[in-house]
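Structural overview for review
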Amino acid sequence: MTFYNIRLFDKTVDTASFSCGQPQLDEYICRYVSQDIKRNVARVFIATPVNDTVQLAGFYTLSAGSVSCTDLPLSLAKTLPHYPVPVALIGRLAVNSHFQGKGLGSILLADACQRVANASTTLAVVGIVVDAKDKATVGFYQHFGFISLPGQPDRLLLPAKAFRV
Ligand SMILES: CC(C)(COP(=O)(O)OP(=O)(O)OC[C@H]1O[C@@H](n2cnc3c(N)ncnc32)[C@H](O)[C@@H]1OP(=O)(O)O)[C@@H](O)C(=O)NCCC(=O)NCCS
């Protein structure tokens, strides 16, 4: 069994060998991540095996976002004001192919939810939103209680009550 350290992105990690099966995500972590961090567009968290702090096993990004209440499921929208409401956004989440199917995706997702729960005591959000890259990934998020937004099957939400501290 592999144990992981999860920490903020730093340049000591090997991004060039990262391969998750989605070329856009591989290219993002290799080429564009530093500029997103520098511009305060995203916070990026990386997982490395405890015995190898250079090997990139997986990563995810967190940003602030908002959604129109008309895009939310009616059951949630009717409890909210009629203007765009704040959410946390998991912009990207990926696991290196070598580590897939061994629980790291769920560890990264749980870590993201925990960080948002902690941050939400200071900065309010109604939930966590994620844009799944394809239909197969929708299933991954649904497995953890995310629900597709009406008319937007690839955009999913985990309501705050599911992770609030
Ligand atoms: C999607 C991804 C992050 C999943 O990571 P992973 O480490 O392979 O997933 P895990 O091993 O943690 O799986 C956790 C659970 O989710 C389930 N699961 C994984 N992928 C799933 C899918 N596509 N549909 C439904 N369930 C899925 C697993 O069966 C497992 O269930 P269990 O807890 O009952 O055993 C990973 O496959 C990946 O990086 N894919 C390529 C990049 C990508 O598509 N990223 C998402 C972009 S938004």
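Use the structure listed above.
As the structure is a computational prediction, the values presented were derived from the model and not from experiment.

Parameters and conventions
- Residues numbered from 1 in each chain as written.
- Predicted model: local features only at pLDDT ≥ 70, side-chain atom pairs only at ≥ 80, totals over all residues.
- Heavy atoms only, no water.
- Core = buried A, V, L, I, M, F, W, Y, C linked by side-chain atoms within 4.5 Å.
- Buried < 20%, exposed > 50% of the residue type's maximum accessible area, 1.4 Å probe, protein only.
- Helix = DSSP H or I, 4+ residues; strand = E, 2+ residues; numbered from the N terminus.
- Contact = heavy atoms within 4.5 Å.
- Near = heavy atom within 4 Å.
- Polar contact = N/O pair within 3.5 Å; in protein donor to acceptor, adjacent residues only side chain to side chain.
- Nonpolar A, V, L, I, M, F, W, Y, C, P; charged D, E, K, R; others polar.
- Patch = residues over 30% accessible without salt bridge, like charges linked within 9 Å, V, L, I, M, F, W, Y side chains within 5 Å.
- Areas by Shrake-Rupley, 256 points an atom, 1.4 Å probe, with all protein chains shown as cover.
- Salt bridge = Lys/Arg side-chain N within 4 Å of Asp/Glu carboxyl O.
- Pairing = 2+ DSSP bridges.
- Right-handed = clockwise from strand over helix to strand, strands pointing away.
- Expected span 1.5 Å × (residues − 1).
- Bend = angle between axes of the 7 residues up to and from the residue.

Let us now look at the nonpolar core. By size, the foremost hydrophobic cluster in this structure holds 29 residues, and its most contacted members are Ile90, Leu104, Ile128, Tyr141, Phe146 and Phe163. If you tally residues by element for this core, the top one is helix 3 (residues 104-119), at 7 residues. With residues up to four places along the chain from it excluded, the contact list for Tyr141 reads Leu93, Leu109, Val130, Ala132, Phe146 and Leu156. With 14 residues, the next largest nonpolar core counts Val13, Cys20, Tyr28 and Leu56 among its residues.

Near the ligand you find 23 residues, and of these Leu93, Val95, Gly103, Gly105 and Ala136 are the closest. Between the ligand and Gly105 there is a distance of 2.8 Å, counted from an oxygen atom to a backbone nitrogen or oxygen. Take Phe140: an N or O atom from its main chain is 3.1 Å from a nitrogen atom of the ligand. When residues of the shell around the ligand are traced back to their parent elements, those giving at least two are strand 4 (85-95), helix 3 and helix 4 (135-143). At 6 residues, helix 4 tops the list of elements feeding residues into the shell around the ligand. Within the shell around the ligand, the residues separate by chemical class into 11 nonpolar, 9 polar and 3 charged.

A word on a nonpolar patch on the surface. A contiguous nonpolar patch, built from Met1, Phe3 and Val50 and spanning about 410 Å² of accessible area, is present on the exposed surface. Tracing the chain through its elements places Phe3 in the segment before strand 1 (4-8).

Turning to the pairing of strand 5 (residues 127-131), a few remarks are in order. Counting buried positions over the 5 residues of strand 5 gives 4, a clear majority of the element. The sheet contact formed by strand 4 and strand 5 spans 3 bridges and is parallel. Following the sheet pairing, Ala88 is matched in strand 5 by Ile128. The parallel pair strand 4 and strand 5, bridged by helix 3, forms a crossover whose chirality is right-handed. Of the pairings in the sheet, the one linking strand 5 to strand 7 (residues 152-159) comprises 5 bridges and is antiparallel in character. Among the inter-strand pairings, Val130 is bridged to a residue of strand 7, identified as Leu156.

Across the chain, the bulk of peptide bonds are trans and the bulk of non-glycine residues have phi less than zero. Positive phi, close to 60°, is recorded for Asn40, a residue that is not glycine. Counting through the fold element by element, Asn40 comes out in the loop between helix 1 (23-38) and strand 2 (43-49).

All right, on to helix 1 then. Here helix 1 contains 16 residues, and its C-alpha end-to-end distance of 23 Å stays within 8% of the 22 Å for a straight helix at 1.5 Å per residue. The sharpest bend along helix 1 comes to roughly 65°, located at Tyr32. Looking at the packing, one finds that the buried side of helix 1 touches strand 2, strand 3 (58-67) and strand 4.

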